[in-house]
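One-letter residues, chain by chain:
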Amino acid sequence: MVTFSGGSENFGGKMVKMKGGDVSVMITEWKDIPVELLMKILSLLDDQMVIIASHVCHGWRDAISFGLSRLSLSWCSKNMNNLVLSLAPKFTKLQTLILRQDKPQLEDNAVEAVANFCRDLQILDLSKSFKLTDSSLYAVALGCRDLTKLNISGCSAFSDNALAYLASLCRKLKILNLCGCVKAVSDTALQAIGHYCNELQSLNLGWCEQVSDVGVMSLAYGCPDLRTLDLCGCLLITDDSVIALADRCPHLRSLGLYFCKNITDRAMYSLAQSKVNNKMWRSVNGGNDEDGLRTLNISQCTSLSPSAVQAVCDSSPALHTCSGRHSLIISGCLNLTSVHCACCVRPHSAISPFPHSAH
Ligand SMILES: [Zn+2]
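Residues numbered from 1 in each chain as written. Predicted model: local features only at pLDDT ≥ 70, side-chain atom pairs only at ≥ 80, totals over all residues.

### Description of the overall build of the chain
- Broken down by element type, the chain carries twelve helices and twelve strands.
- Going through the 359 residues of the chain one by one, you find that 40% of them count as buried.
- Across the chain, contacts joining residues at least 24 apart in sequence account for 77% of those joining residues at least 6 apart. (Helix = DSSP H or I, 4+ residues; strand = E, 2+ residues; numbered from the N terminus. Buried ≥ 20, exposed ≤ 12 C-beta atoms within 10 Å, placed from the backbone. Contact = placed C-beta atoms within 7 Å.)

### Description of the nonpolar core
- Grouped together as the largest cluster of nonpolar side chains are 104 residues, with contacts concentrated most on Leu 163, Val 185, Met 268 and Val 309.
- Viewed by domain, this core spans two of them, domain 1 (1-11 + 26-68) and domain 2 (264-282 + 292-354), each represented by three or more residues.
- When residues no more than four places from it in sequence are discounted, the contact partners of Leu 163 are Leu 137, Phe 158, Ala 184, Val 185 and Ala 189. (Core = buried A, V, L, I, M, F, W, Y, C linked by C-beta atoms within 7 Å. Domains from an automatic or database assignment.)

### A few points about the sheet that holds strand β7 (residues 175-177)
- Pairing in this open sheet of ten strands is parallel, and the strands run β3-β4-β5-β6-β7-β8-β9-β10-β11-β12 from one edge to the other. The strands lining the two open edges of the sheet, one partner per strand, are β3 (70-72) and β12 (328-329).
- Alignment of strand β6 (residues 149-151) against β7, held across three bridges, turns out to be parallel. Opposite Asn 151, over in β7, you have Asn 177 as the bridge partner. (Pairing = 2+ DSSP bridges.)

### Notes on unusual backbone geometry
- Phi angles above zero are rare outside glycine, and Trp 207 is one such case at about 60 degrees.
- Residue position: Trp 207 is located in the loop between β8 (202-204) and α9 (213-222).
- On the basis of neighbour counts, which here come to 22 C-beta atoms within 10 Å, the residue Trp 207 falls in the buried class.
- Not every positive phi belongs to a glycine, and Gln 300 is a case in point at roughly 65 degrees.
- Relative to the elements of secondary structure, Gln 300 occurs in the loop between β11 (295-297) and α12 (306-315).
- For Gln 300, a count of 17 C-beta atoms within 10 Å translates into the label partly exposed.

### A short note on the environment of Ala 189
- By the element assignment, Ala 189 lies in helix α8 (residues 187-196).
- Sequence-wise, Ala 189 and Ser 159 are 30 residues apart; in three dimensions their C-alpha atoms are separated by 9.0 Å.
- Dropping the residues within four chain positions of it, Ala 189 is found in contact with Asp 160, Leu 163, Ala 164 and Ala 184.

### Structural notes on the environment of Lys 78
- Here Lys 78 lies in the loop between β3 and α4 (80-87).
- Placed 27 residues apart in sequence, Lys 78 and Gln 105 show a C-alpha to C-alpha distance of 7.1 Å.

### Details of the packing of α4 against helix α5 (residues 108-117)
- Between α4 and α5, the shortest axis-to-axis distance is 9 Å and the interhelical angle comes to 25 degrees. Considered as vectors, α4 and α5 are oriented roughly parallel to each other. Classified by chirality, the crossing of α5 by α4 is left-handed. In contact with Asn 81, Val 84 and Leu 85 of α4, α5 contributes Asn 109, Ala 110, Ala 113 and Val 114.
- A class-by-class count of the residues in the contact of α4 with α5 yields five nonpolar, two polar and no charged. (Axes fitted to C-alpha atoms, helices over the stretch in contact; angles between N-to-C directions. Parallel < 35°, antiparallel > 145°, perpendicular 65-115°, else oblique. Left-handed = near helix turned anticlockwise from the far one by under 90°. Nonpolar A, V, L, I, M, F, W, Y, C, P; charged D, E, K, R; others polar.)

### Things to note about the packing of helix α1 (residues 35-43) against helix α3 (residues 58-67)
- Packing of α1 against α3 brings their axes to within 10 Å, and their N-to-C directions diverge by 70 degrees. In terms of orientation, α1 and α3 fall into the roughly perpendicular class. Contact residues: α1 offers Val 35, Leu 38, Met 39 and Leu 42, while α3 offers Trp 60, Ala 63, Ile 64 and Gly 67.
- Tallied by class, the residues present in the contact of α1 with α3 amount to seven nonpolar, one polar and no charged.

### Things to note about the environment of Val 312
- With respect to the helices, strands and loops of the structure, Val 312 is situated in helix α12.
- Residue class for Val 312 comes out buried when judged on the 28 C-beta atoms lying within 10 Å of it.
- Residues Val 312 and Ala 267 lie 45 residues apart in sequence; the distance between their C-alpha atoms is 9.8 Å.
- What Val 312 contacts, discounting residues up to four positions off in sequence, is Met 268, Leu 271, Ala 272, Leu 296 and Leu 319.

### A few points about the confidence of the model for the chain
- Residues with a pLDDT of 70 or more make up 83% of the chain, whose mean pLDDT is 86.
- The low-confidence segment residues 1-23, where pLDDT is below 50, has 28 contacts with residues more than four positions distant or belonging to other chains.
- Ignoring residues within four places in sequence, the model shows residues 348-359, a span with pLDDT below 50, making 14 contacts including any to other chains. (pLDDT = per-residue confidence, 0-100.)

Here you go:
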């Protein structure tokens, strides 16, 4: 255990002489370390040590308060709530705060303190905070409007009204993880996200079972920059959601449809055709081979046929079924074993990539 004993210690009882240009600086006490040097030293320490260092003296506390932009308290297995309550008023320049928990500790008063004091936050991780209520979400919405990345996965008590309110105020959001927010993620909330958060690039809606095509289509229309969307376990969505995404989100690179039992070949052909359109566009405007889907999870989508899935695979060079790369994920679909990426030997090379193309 490392401890610091206040601000009046010498460096082992000796004077340290530093030369900076023409000026010689005599450092006699811990508090005399130049701020730049202190921040350099602190950047080498873990978050626990930084917190301890902030208690060395007023000078260090002020320097750390002013200079610390990133803090993770995920290592804290007990008393995280009290720690956040004590640190939030000091570390007001934080831009990134990670409060992920293995067992739920955070309560609304700590998140409210963060929202009140840390107004520059851009990245906030509150995942697995089961104890939090809507009060936290309203506070974050009001206090942290510069958020670009928010993770509230597993926060199952939030309501869709509170999430919609947050979307209306935090309009710079680019990455949003709502996995398991069963109550919060309704079509109404997704309509608010589609309406206000037009810069959104990544959204995780895993196991949000209320979501229907209405909500996903609002996203497709409102968030044209969407690159990653996880809809795993969204049991109600149909082909209409995928078709809207294929039509309206040209940057889509990763799509998770695990366990979406209503998805049929129609959705696959819309993805394949959308990529073909991109190819035509690229031939005029340039582009690179990394365009198109890079990850597609259709595990347990048991209605799909091999030819439809092969069409998507053929139209997206970055999709692979081969071991090691495995970015087209089809586990649980026993009838899709004949689907292969280009680098595998295809036993059925005559499979047509599209149903109506002339051969
Ligand atoms: Zn491959």
